[in-house]
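# Observations on the three-dimensional arrangement
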Amino acid sequence: MEKRRESAPKLWSANFTRLVIITLLAYTVRQMAMSSFPMLVKWAGGSTVLAGALTLLLTVASIVMRVFSGPLTDKLGRHKVMLVGAVIYLLSMLLIALWPAMGMIVAMQILFGVGMANLTTASGAAVVDVSPPSRLGEGLGYYTLGNSVAMAIGPSLGLALIGSTENYPAMYFCAAALLAVTGALCWQVRYKAPKSIGRKRFDIGDVIEPASVPAAFIQFFAVFSFTSVISYLTSYAQARGIGGIGSFFIVYALGMILVRLAVGKVVDRYSEKIVAAIAFLVMGVGFLGIVFADGLNMLMVAAFVLGLGQGAVMPALQKAAMKHVTPERRGAGNATYQLFADVGTGFGAAIWGFLAEAAGYASLYWGAAGLCLLGIILTFTILERRKTK
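Residues numbered from 1 in each chain as written. Predicted model: local features only at pLDDT ≥ 70, side-chain atom pairs only at ≥ 80, totals over all residues. Heavy atoms only, no water.

### Structural notes on the overall build of the protein
Stated formally: Counting from the N terminus, the helices are DSSP H or I runs at least four residues long and the strands are E runs at least two residues long. For this measure, only C-alpha atoms enter the radius of gyration; the expected value for a globule follows 2.2 Å times N^0.38, where N is the number of residues. The buried label applies to any residue whose accessible area, calculated with a 1.4 Å probe on protein chains only, is under 20% of its type's maximum; exposed applies above 50%, and partly exposed to all values in between. Here the open area of atoms and residues is found with the Shrake-Rupley method and a 1.4 Å probe, where only the protein chains shown may cover a residue. For this count, His and the chain ends are skipped, Lys and Arg are scored as positive, and Asp and Glu as negative. Here the site of a charge means NZ on Lys, CZ on Arg, CG on Asp, or CD on Glu.
Along the backbone of the protein there are 15 helices and zero strands. Expected size for 389 residues packed as a compact globule is a radius of gyration near 21 Å; at 20 Å, the protein falls within 12% of this value. C-alpha extents for the protein along the principal axes are approximately 60 × 45 × 40 Å. Buried positions account for 55% of the 389 residues belonging to the protein. Surface summary for the protein: the accessible area is close to 16,500 Å², and the carbon and sulfur share equals 68%. Averaged over its 31 positive side-chain charges, the protein has a centre that lies 6 Å from the centre of its 16 negative ones.

See below:
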């Protein structure tokens, strides 16, 4: 019994629990805001095209901030960058709660991207710091579970707060309150930081962590493929005469939640490479399920399968991205990983849009399945082969 305890060091410390809750709250607000954002822009007098442009603005702000948030996290410390990110994120929600006008919406998107980039970069590095190395995959599985739960509850919570009266300030005040709790939790995350975190001069060479690039590059294709679902599944379903598509993302989120409760232990026990390859295969099956779906029931099956695949691939690749990064470079390592995800999310929708115009919606999901095949090939060819010590 004693040996078993020594082989499984404690994961759920106070800091780890706070970081999981921080992720849940931050991504719940993100889902609340982003799912209703086109409606907000139209309510303020804008157009669908403007909503798309402002969504891209958020992505660009996040990408630009990632360049700096990684080195800042390593040099100033996780606690400071995480707290500043939460405050900026909170201010972005308060802008719309207090002054719901188009000019403030533009400012909100910039602050939203900057705040979220800082918060997630620093918290992602912190969760690696406080997780036992032998349980890192499990820790990342629970940490990223917050995103999955947020996807299930965020959109519906946001729409419920807005209501039939289009009370957008109420929704953004609620979002600000959740971020106030997030900031309080960030303040309480304190531990002995890894060595070499200090106030050194910023160097552009600190931006990208080479040890994280292979896994981050593979993750780009996972994120890129799924933007075809986020951006165009509703239009595809309408073209096929399939109604009730709103439940797709709930079923998808349930699949992610289910697999993330267990996948971390599998990654730690076996190999993130094997888990990632199988996850890509499962995702490919899910995309093909969308192609051949002739009704809502088949789409729900595809949603659940996609959730299983996406839920497994992300913790596996994030562990691969971080396990060989030295403690003093974990901020840069996590920023590198997140940067590739931001690029995939930001530009995936535009590229899939061109393909949809040229070859029809079904071609998107054939293409996404093809990217999953590419992901399997890359996983076995470029992913780091060294084993965790």
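### Quick look at helix H10 (residues 248-260)
The cut-off we apply is this: Residue count minus one, scaled by 1.5 Å, sets the expected span of a helix. Two residues form a contact once any of their heavy atoms are found within 4.5 Å.
For H10, built from 13 residues, the straight-helix expectation of 18 Å at 1.5 Å per residue is met to within 8% by its first-to-last C-alpha distance of 19 Å. Those residues of H10 that fall on the buried side of the exposure criterion are Phe248, Tyr252, Ala253, Gly255, Met256, Ile257, Val259 and Arg260. In the core, the buried residues of H10 are packed alongside helix H7 (136-162), helix H9 (213-239), helix H11 (263-269), helix H12 (272-292) and helix H13 (296-322).

### Quick word on the packing of aromatic side chains
Using the following cut-off: For Phe, Tyr and Trp, where Trp contributes only its six-membered ring, two rings pair if their centres lie within 6.5 Å, and the inter-plane angle classes them as stacked under 30 degrees, edge-to-face over 60, or tilted in between. Placement of a charge over a ring requires the Lys NZ or Arg CZ to be within 6 Å of the ring centre, with the centre-to-atom vector within 35 degrees of the ring normal.
By the definition in use, this model includes 13 aromatic pairs. Centroid distance Tyr89 to Phe112: 5.2 Å. Interplanar angle 25 degrees. Geometry classified as stacked. One end of the pair, Tyr89, is in helix H5 (residues 78-98); the other, Phe112, is in helix H6 (residues 102-130), and 23 residues separate them in sequence. An aromatic cluster is present here, built from Phe217, Phe220, Phe221, Phe224 and Trp352 joined pairwise through their rings. Over the face of the ring belonging to Trp187 we find Arg190, whose NZ or CZ atom lies 4.6 Å from the ring centre.

### A few points about unusual backbone geometry
Here Glu166, not a glycine, exhibits a phi torsion of approximately 55 degrees, which is positive. For Glu166, the location among the structural elements is in the loop between H7 and helix H8 (168-188). Classification of Glu166 as partly exposed rests on a relative accessible area of 41%.

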